[in-house]
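Examining the three-dimensional arrangement
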Amino acid sequence: SEIFTYRLSWDWNPDNSNLVDLSVLVFGNTLEITDDRTRDGRADLTEYDTIGFEVVNRSRFDAGIPISLVYGIEAFQDEQTGTRDGAPRTQFPDAEATTYGVFAEATFEVSDRLDIIAGLRFDSYDRDVDDPNLADVEDDFFSPRIGFSFRPNDNWQIFGNVAQAFRAPTLTELYNDGEHFAVDIPTGPFTTVRGINNFVLTPNLEEEESTQIELGTRFEQANFARAGDVLRFSANAYYAEVDNFIDTVVSDFDFSTAFTGFVFGTTTQRNVDAELWGFEAEVDYDAGRWFAGLGLTLPYGEQADGTPLGSIPQERLVATLGYRPTEDITLGLRATFAADQDDVPNGSAPGDAFTVVDLYGTWAPSRGPVAGATFRVGIDNVFDEQYTIFPNELPQPGRTLRVSATYTF
């Protein structure tokens, strides 16, 4: 696979201006995946391109109380194409997705400790597919939000939000068809069957519409245990009622056809009314020479009638430990612990627990001929763990070496 990413930004903040603090961003990326199957010579090519821009301005003024206003526009387009042996591929049909957004958010500084935040966003989207048998999709939506931020002292912040939001179905959720993945499944000491999972085309998916409540806290203190260190902590809980939640259901294989040498399953998208809730927390300690952190994610959800959903991620704990031998070099270890996910719809495959360890290093020279560059190297899945991430059942990459470089000027 090949990935190309670009970002071009421009900032303008005139001296002595409280009304103009402008940022313009143009961004894009291209993903190309080539899959050549050796046993029959089949060649798949998948391309996914994104291009977009964002214009944001920030203004401050006084209307009896200080007010900070952030407002802007954004637009982006995703385009996908897929071929198999040079011909159009049903699993990845040619399609485009275009989204336009206009937004504004005001922060009212009621006191030195209390802010009230109110925002409104308007989005319009359309999904166009190059297939006369499939309908295009378009709609628009307003998303209001109101929240607060209270700082009882210099170290603690308490915040909360109530918001309405929407999420349009993606191109893959709408238009994927054909084979999703295939695996060999042992049925005895010396026998296997071929398991084939197929996408179920769902071009009539509706967009998600949700009402969300969030409450959380943050803590940060420098010189916590010794001079120069920093301790950070954050935690938040959320609850959402979602109309037309887009749920992914990956069925288990049906072994009634095992005598043919093949068994089959499906990957289906569906709209259901749902309730989602969960808890997230992070704690990080940075002592300068070394650092450590823990991140906990506990997501839950169910259909409005209490039956399980098919796409609630696994509970997850991520632990990080790092060391800086010099100011320019960082070495780190990251371990991800995912729990079993067995609260799934009838007929769906559960998700198995896994542990994955990654190693990484960065070098960001502050002087010399390559100052401004950042070089990264990493080994993902150091112990070559065989695992899948619920709910997709796709085997994840084994031990992988990553090398990248970026330059800022």
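Structure: see above.
What comes next is a walk through the structure. (Residues numbered from 1 in each chain as written. Predicted model: local features only at pLDDT ≥ 70, side-chain atom pairs only at ≥ 80, totals over all residues. Heavy atoms only, no water.)

Regarding the overall build of the chain
Counted only if it meets this: Each helix corresponds to a stretch of at least 4 residues labelled H or I by DSSP, and each strand to a stretch of at least 2 residues labelled E; elements are numbered beginning at the N terminus. Burial status follows relative accessibility: with a 1.4 Å probe on protein chains alone, a residue under 20% of its type maximum counts as buried, one over 50% as exposed, and anything between as partly exposed. Should any heavy atoms of two residues lie within 4.5 Å, those residues are considered in contact. His is not counted here, nor are the chain ends, while Lys and Arg score as positive and Asp and Glu score as negative. Think of each charge as sitting on NZ of Lys, CZ of Arg, CG of Asp or CD of Glu.
Helix and strand counts for the chain stand at one helix and 20 strands. Projected onto its principal axes, the C-alpha coordinates of the chain cover approximately 75 × 50 × 45 Å. Taking all 409 residues of the chain together, the buried fraction comes to 34%. In the chain, the share of contacts with a sequence separation of at least 24, taken over all contacts with a separation of at least 6, comes to 58%. Separation between the mean location of the 27 positive side-chain charges and that of the 69 negative ones in the chain comes to 10 Å.

Section: the packing of aromatic side chains
We apply this condition: Two rings belonging to Phe, Tyr or Trp (six-membered ring only in the last case) form a pair when the distance between their centres is within 6.5 Å. Interplanar angles under 30 degrees mark stacking, angles over 60 mark edge-to-face geometry, and anything in between is tilted.
If you walk through the whole model with that rule in mind, you get eleven aromatic pairs. Look at F181 and F253: their rings are 6.4 Å apart centre to centre, the planes differ by 80 degrees, and that puts the pair in the edge-to-face class. With F181 in strand β10 (residues 178-186) and F253 in the loop between β13 (230-250) and β14 (262-286), this pair connects stretches of sequence that are 72 residues apart. For F253, a relative accessible area of 12% gives the class buried.

A short note on the layout of surface pockets
Our working definition: Put plainly, a pocket is an open set of points on a 1 Å grid over the protein atoms alone with protein on both sides within 12 Å along at least five of seven lines, a cavity is a set where a 1.4 Å probe fits but cannot get out, and a lining residue has an atom within 4 Å of a point. Grid points are joined across faces, edges and corners, and a volume is the space filled by probe spheres set on the points. As a working rule, the residues Ala, Val, Leu, Ile, Met, Phe, Trp, Tyr, Cys and Pro are called nonpolar, Asp, Glu, Lys and Arg charged, and the rest polar, with Gly in that last group.
Approximately 1000 Å³ is the volume found for the largest pocket. Lining the largest pocket are 31 residues, with R89, E179, H180, F199 and L394 positioned closest to its centre. Top contributing element to the lining of the largest pocket by residue count: β10, with five residues. Of the pockets and cavities examined, the second largest pocket occupies roughly 460 Å³. Forming the boundary of the second largest pocket are 19 residues, of which D352, Y387, T388, E393 and P395 lie nearest the centre. Class assignment for the residues of the lining of the second largest pocket results in ten nonpolar, five polar and four charged.

Some points on the pairing of strand β9 (residues 156-167)
Applicable threshold: What makes two strands pair is DSSP finding at least two bridges between them.
Of the strand pairs in this sheet, strand β8 (residues 137-150) and β9 are connected by six bridges, and their pairing is antiparallel. Its bridge partner lying in β9, S149 is registered against F159. The hairpin formed by β8 and β9 contains five residues between the paired strands. Both β9 and strand β12 (residues 208-222) contribute to a ladder of twelve bridges, which runs antiparallel. Its bridge partner lying in β12, F159 is registered against G216.

What about the environment of A287?
Inspection of the secondary structure assignment puts A287 in the loop between β14 and β15 (290-303). Under the relative-accessibility criterion, A287 is labelled buried at 10%. When the C-alpha atoms of A287 and L8 are compared, they prove to be 34 Å apart, with 279 residues separating the residues in sequence. Discounting chain neighbours no more than four positions away, the residues touching A287 are R226 and D229.

What to know about the pattern of salt bridges
Where charged atoms of side chains with opposite charge meet at close range, the side chains can pair. Rules: For this document, the term salt bridge refers to a Lys or Arg side-chain nitrogen within 4 Å of an Asp or Glu carboxyl oxygen.
All told, the structure shown has 15 salt bridges when counted by the stated rule. R324 is the partner of D286 in a salt bridge, and the nearest nitrogen-oxygen pair spans 3.0 Å. Here D286 is found in strand β14, whereas its partner R324 is found in the loop between β16 (316-323) and β17 (329-338), with 38 residues between them in sequence. Take D286: its relative accessible area is 21%, and that puts it in the partly exposed class. Residue R334 pairs with D358 through a salt bridge whose shortest N-O separation is 3.6 Å. Taken together, the positions of R334 in strand β17 and D358 in strand β18 (residues 354-363) put the pair 24 residues apart, joining distant regions of the chain. Residue classification places R334 among the partly exposed residues on the basis of a relative accessible area of 26%. The exposure class of D358 is buried, given its relative accessible area of 9%. The network of salt bridges with shared partners includes E74, R121 and D123.

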